[in-house]
Amino acid sequence: MKIINKIWNNWHTVILVALCLVPIIWFIGRGDVLITGLDTNFPLDPLVWFQRRFYVWNGINNAGIDFSSSVAGVFFHFVQLAPYLLGLSLKNVEIVSLVFWFSAIVSSSYLLAKTILPKNKTPQLIVVILYILNIYLFNTWENVKVSNLALVTALPLIISIVYNWFSEKINSKKAMIYLCLGSILASGAGINPAYFLVIILALIIETVVYLFLNLSTKTEIKKILVKGLTSFFILILVNIFWIFPLLNFLYSTNTISLVDIGLTNWITSLSQNTSIINVIRLQGAWDWYALDSSGIPQYLSYTLNYLYKFPFIIFSFAVPILVLFSFVFFDKEQKFWYIFFGILTVLGIFFGVGSHPPTGSFFIFLFEHVPFLSFFRSPWYIFTPLLTLSYAALVGLLTYSFFQKYKEGMIKHIFNFLIIIFLIAYGLYNYPLITGKIFRPESKNSFYVYFPEYVWDTKDWLSNKHDSTDERIISYPDDQLESFNWGYQGTESILSLYSNREIITPSFNMTSKVFSEMLGSFYAHIKRGEYKSAISLMEFFGANEIFYKKDSSTLSSPIGDKINDLVETTKFGEWYFMRPKDEMNKKIFIAEAVYKNLSNPEDFIPVIPFLKPKSVVVNNKDTEIGQIKSNERFFSIIKTGILDQDKSILTNVNKYGLDILRNGTFNILIERNYLDRNSLIVKIDSNVISNSLIQYDQSLISVGPVKLFSGTHTIEIVYPVQENLLAISDFENISKNQNLRKEEFPENIQKTLLVYNESKEAQKIILPVNEFNPYLRYAVGFDYKYVYGKVPFVEVLQSAPTSPVKNHSIYPGSSTDWQTRYDIFRPVETNSKLELLIKAGPNEFSGRSKSFIENIFIKRIYDNNVYLVESNSDTSFKYLSKGELKYKKINSVKYEVELKSDGDNQLGSVIAFLDNYNKGWVLKSSDSKIENKFSHFTINGYANGWYVPAGMNTGKFIIYYRPQTLYIFAVLVSVCTIMLLIIYSLHKKKS
Amino acid sequence: MIRSYLFKLFNKKYDNLNQWAIDHLVGLFIFNIIMSLLVLLNTAEYFKPFFFLGINVIFFIGLILSIPLLGARSKSMFFISIIFLVFAIFLKILKIEIWAERTAVYTFQSLLIGVILLTRESINKHW
């Protein structure tokens, strides 16, 4: 009885505790699943993820990237790590982590509610419920977004602490230590610094409003200003561990907009549905409005209710109406909160609307003219927490003013009853968040994922492999969105969720164009079955294993058995790890040959299979290369330019021109593109090259070596004559059955295709194509004459067994004289068939249409690129000291390198380090304390290379990412700040 | 009983309204003149293409002018805001989406002016 009484007396605490446990409901009856996928990235090994947060370079994905802002996630991942180290299963780790963040939001909003409305528990509860359950949070929880959660947690907490400090309800010691705690909770917002700036914005507004409403004496003003500034500095100093490295990164890369760091600016697309009416109802998420042609949501089935159902539409306005009423029933004693939350409401709506009219043009003006504002590329997601907080607080204030007015009597009971009804309705309105529907349980893209056993077997295998941290894996197939047929989807490789093995994988955010094109070239070779060429490209990535995911949902072609001649395979369920039998480059090595690319940075990629082992390619325009004495000895790579650009694309004779700067021995390399052996005639300056000098490799045809003098040269290549791949050449059977008089048919019914339609339905003629190869380009053309009625369309349709892949339409026009039309068709590189469709549109009012088409053709075109690669017939010729290199990876920012030159003291060495080029990477001798300034340049279009001059290329070296030192310094500042605050708060003044 | 109460209430409010109109006669006159002029300019698309004087702008100017000319206070603005939001709900239910959006814009404009006025009123009282 006592317990019941106790619970009854503390009913609001019971409700608060129950609210904290909402995440447990998400897992009830779901089995042994994890909530993960897409942006969620729940780590399958929290320790691995936690450790990565201590380095400002993350070398795991695609040759590494500066990780300065991501170190901000250290506290968030600590929350996952702690239960993991205690031995909890991953599912329980996830539950603990989710409950922690849910409880944090409940607690911080409750603290704010107590600050605003200290006397009445019901309004306090309303503030908490409105803040923790709202539509904005659907997306936050769906993706478990670190930045959003940190912002939503820290915002009410920091506002509450600062207000209590201003109004002297807590002393400075308490305020500072609480602010320190709030700043730690806010640190996760640094993953997307725009979220962190929202906290700063709220803090500034709070200080200014409080200052204006409490201007009395100079001392008072000074006091408030000092407290406001101290709060600001505590917030900054505690978070300096990620702010400082981030600022250093932005400064060193001259970044002032998203484009500078290779990120997509999607403000326009994200603002398409953020009209004011949607924003005030918190319904501005873009994926709510992704509907198919029949109006059915593509991603979130529950949005049907919100978009079309009457009760949901009505209730969506309930909170905004109550907010406006709260201003009408303005309580003078609470004027600070009314004004503060009023400003936050207005700003929340204005910024949330983004580039959508009518305020969008002003927002865009700010976006374009204020530096760094482009980082707020998803304004609705960033600023709406200001709105949700204001809504919760203002509705709380409204109920509070009613309770103050009607303390006794019948009206109070009626009011209590109405509040209960409202809260029940509110709970039902937010049912997807409470029940876990936000994780799309019934959808094929569900976030509830059950991982097959072989995923865990792979984890064990990868972690048990010795000395494998420096080895790279390249994944296949090539879909940017990794999607498995057992449910998991991710934007990064699944292996990175639990392994420290470095992975090369397609990505939406590639920092280097050359890297991206090189990866595209690797995948093209794999799809074409050119496995030897693909493996030679792997050397340029420093990769020595292919991760083939047979359980992927993809259109990409499967890898054929022929690859087994070149690789050894380890299999785990549907996953294959293929290791080339030949020894491969590691990510750090001494270059044995250096090629100078004289064309565009990416133009060397097709010739990689021809280049010598352990070679690197440098850019001729790189000023650092110009400073290396022996650079004149580097071999040249030249891409030739096609001559006579205006001639017909259907010719089989192409001429290429080039300028050579010095006499030398060269190989002419022609992209093979499935050309048969001995099918080419090659002429250099009108001299026919003997067939014995033409070698056909998988992806290249090599001509030479030939000696060429400096000056201009012409290469002429005669390709085989192209055949028409159209399976039909006689159209009589298609044309003859039409309901026309004899003289209305074309003169030559075999040669001319009659496109005739007299019905109200569309008619189509299908013409099959023979010997279609999806890896070639084609010219599709015809002669056309319009007679009357609707103009037909000619469609080139590429289709895989299960679905259409590409559709290319050619509009022939309405010329009544014969006219020739053609277009180029670039197929999607996947196993498929090709058809030509001629579509006669439906007629209106018993009309008819008629056109003639003849000479229809589909022929391959020869757009093969041709390159010149310099070589040397004298094998004893040396321009580099080769020697031996051993290295050890200490961590992702430090490598110990031991270099032993081959004894030739006259020659320098080029050291290749295949992480993405960044000025922050330095090579220094570990023997001397003085840092040697070795020439640092880009190799292979994306990676780091250093030239170590003669005489210095033996000894021990360190490759180090210098911004890590700044990070360590910044961490020390953060730690010292926290320690000082703790000491200050514990310190007792002697009386 | 109720009838006589309502009658008295109406008379009282009517008197208040009359008094208010007398107090703001000049303001009402200027306000109406400006609004009529703005609507005429809008109809004639006067400033196009340099500036589009749309109904949104006219409404916003009207709200601002109502402060000095009609003596509007923050509470009036919040009432206007509520009225437009209720109207937006009505339009939304009838699936007249474009008008509902436009009406919500007026709600936001009134809210914005209301918050500014509320701030000014509070600071003035404080000082």
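Please read these numbers as outputs of a predicted model, since none were measured by experiment.

Moving on to the overall build of chain B. When helices and strands are counted, chain B shows 5 helices and 0 strands. When the elements of chain B are put in sequence order from the N terminus, they spell out α-α-α-α-α. The C-alpha atoms of chain B give 18 Å as radius of gyration, which overshoots the globular expectation for 127 residues (14 Å, by more than 25%). Oriented by its inertia axes, the alpha-carbon framework of chain B measures out at about 55 × 40 × 35 Å. Looking at the 127 residues of chain B, the share that counts as buried comes to 38%. If you take every contact in chain B between residues at least 6 apart in sequence, the share linking residues at least 24 apart comes to 62%. Roughly 8,400 Å² of accessible area belongs to chain B as shown, and the carbon and sulfur atoms make up 73% of that amount. Once the 12 positive and 6 negative side-chain charges of chain B are each reduced to a mean point, those two points are 8 Å apart.

Attention now goes to the overall build of chain A. Regarding its fold elements, chain A presents 29 helices and 39 strands. A principal-axis box enclosing the C-alpha atoms of chain A has dimensions of 105 × 90 × 55 Å. Residues counted as buried form 57% of the 991 residues belonging to chain A. Considering only contacts within chain A whose residues lie at least 6 apart along the sequence, 76% involve residues at least 24 apart. When the accessible surface of chain A is split by element, carbon and sulfur atoms take 57% of a total near 42,800 Å². The averaged location of the 81 negative side-chain charges in chain A is 10 Å from the averaged location of its 92 positive side-chain charges.

A word on the domain arrangement of chain B. All names here are of chain B. Once the domains are mapped, chain B shows domain 1 (1-72) and domain 2 (73-127). Summarising the inter-unit geometry, the C-alpha centres of domain 1 and domain 2 are found 15 Å apart. In this complex, domain 1 contributes 10 residues to the contact, which on the side of domain 2 involves 13 residues. Both sides of the domain 1 and domain 2 interface together cover about 980 Å² of buried area, and 72% of this is carbon and sulfur. Its largest share of buried area at the contact with domain 2, domain 1 owes to F59, L63 and A72, together 47% of the area lost on that side.

Residue and element names in this part refer to chain B. According to UniProt, the positions carrying the feature "transmembrane region" (unreviewed entry) are residues 21-44, 50-70 and 77-94. Across residues 21-44, helical content stands at 92% and strand content at 0%; the span's end C-alpha atoms are separated by 31 Å. With 94% helix and 0% strand, residues 77-94 has its two end C-alpha atoms placed 26 Å apart.

Residues and elements named next belong to chain A. Formed by 198 residues in total, the largest nonpolar core has its most connected members in W26, W141, F196, W337 and F341. Once residues lying within four places of it in the same chain are set aside, the contact partners of F341 are L112, I116, L389, S390, A393 and L394. V514, L537, I546 and M578 belong to the second largest nonpolar core, which has 60 residues in total.

This part covers the sheet that holds strand β10 (residues 567-572) of chain A. All names here are of chain A. Taken together, the 5 strands give an open sheet; going across it, the order is β8-β5-β9-β11-β10, and neighbouring strands pair in mixed fashion. The open sheet terminates on both sides in strands that have one partner only, identified here as β8 (502-504) and β10. Each strand of the sheet is rotated relative to its neighbour by a mean of 30 degrees, with strand direction disregarded. In terms of strand pairing, strand β9 (residues 543-549) meets strand β11 (residues 575-580) through 4 bridges, oriented antiparallel.

Right, let's get into helix α2 (residues 11-20) of chain A. All names here are of chain A. Three or more residues of α2 are buried, namely H12, L16, L19 and C20. Summarising the axial view, the buried residues of α2 lie within an arc of 105 degrees, below the 170-degree limit, and thus occupy one face. Tucked inside the fold, the buried residues of α2 contact α3 (22-27), α6 (90-116) and α7 (121-132).

On to the interface of chain A and chain B, then. Size of an interface, as often reported, equals the accessible area lost when the parts are brought together. Facing the 34 residues of chain A at the interface are 29 residues of chain B. Considering only the side of chain A, the residues that lose the most area to chain B are A:I277, A:L324 and A:V328, jointly responsible for 21% of the buried surface there. Counting the contacts that link chain A with chain B gives 0 salt bridges. Counting every contact that joins chain A to chain B gives 1 residue pair in polar contact (both at pLDDT 80 or more). Listed by contribution, the elements that provide at least two residues to the side of chain A that touches chain B are α11 (193-213), α15 (276-280), α17 (310-316), α18 (318-328) and α19 (335-353) of chain A. The element contributing the most residues to the side of chain A that touches chain B is α19(A), with 9 residues. Partitioning the side of chain A that touches chain B into residue classes produces 25 nonpolar, 6 polar and 3 charged.

To continue, consider the confidence of the model for chain A. Scored by pLDDT, chain A has a mean of 87; 96% of the residues are at 70 or more. Looking at the elements of chain A, mean pLDDT is at its lowest for helix α14 (residues 267-270) of chain A, recorded as 77, and at its highest for α6(A), recorded as 94.

Below, the discussion takes up the packing of aromatic side chains. With the rule as written, the count across this model stands at 93 aromatic pairs over all chains. Seen in terms of ring centroids, A:W288 and A:Y306 are 5.0 Å apart; in terms of plane orientation they differ by 50 degrees. Their pairing is tilted. Of this pair, A:W288 sits in the loop between α15 and α16 (303-308) while A:Y306 sits in helix α16, placing them 18 residues apart in sequence. Accessibility assignment for this pair places A:W288 and A:Y306 in one class, buried. A ring pair is formed by A:Y306 and A:Y429, whose centres lie 5.3 Å apart and whose planes are at 75 degrees; its orientation type is edge-to-face. A residue pair is termed long-range when its members are at least 10 positions apart, and A:Y306 in helix α16 and A:Y429 in helix α22 (residues 409-429) qualify at 123 residues. For A:Y429, a relative accessible area of 7% puts it in the buried group. Taken together through their ring pairs, the aromatic side chains of A:F451, A:Y454, A:W456, A:W461, A:F484, A:W486, A:Y488, A:F547, A:F572, A:W575 and A:F577 make up a single cluster. When the ring centre of A:F857 is taken as origin, the NZ or CZ atom of A:K859, which lies over that ring, is 5.6 Å away. Directly above the ring of B:W99 sits B:R102, whose terminal nitrogen or CZ lies 5.5 Å from the centroid.

Definitions and cut-offs
Residues numbered from 1 in each chain as written. Chains lettered and ligands numbered in written order. Predicted model: local features only at pLDDT ≥ 70, side-chain atom pairs only at ≥ 80, totals over all residues. Heavy atoms only, no water. Helix = DSSP H or I, 4+ residues; strand = E, 2+ residues; numbered from the N terminus. Rg over C-alpha atoms; globule rule 2.2 N^0.38 Å. Buried < 20%, exposed > 50% of the residue type's maximum accessible area, 1.4 Å probe, protein only. Contact = heavy atoms within 4.5 Å. Areas by Shrake-Rupley, 256 points an atom, 1.4 Å probe, with all protein chains shown as cover. Lys, Arg positive; Asp, Glu negative; His and termini not counted. Charge placed at Lys NZ, Arg CZ, Asp CG, Glu CD. Domains from an automatic or database assignment. Buried area = accessible area lost by both parts, 1.4 Å probe. UniProt positions renumbered as here; feature names shortened; annotations may be inferred. Core = buried A, V, L, I, M, F, W, Y, C linked by side-chain atoms within 4.5 Å. Pairing = 2+ DSSP bridges. Axes fitted to C-alpha atoms, helices over the stretch in contact; angles between N-to-C directions. Arc of directions from axis to C-beta. Salt bridge = Lys/Arg side-chain N within 4 Å of Asp/Glu carboxyl O. Polar contact = N/O pair within 3.5 Å; in protein donor to acceptor, adjacent residues only side chain to side chain. Nonpolar A, V, L, I, M, F, W, Y, C, P; charged D, E, K, R; others polar. pLDDT = per-residue confidence, 0-100. Phe/Tyr/Trp six-rings, centres within 6.5 Å; stacked < 30°, edge-to-face > 60°. Lys NZ or Arg CZ within 6 Å of the ring centre and 35° of its normal.

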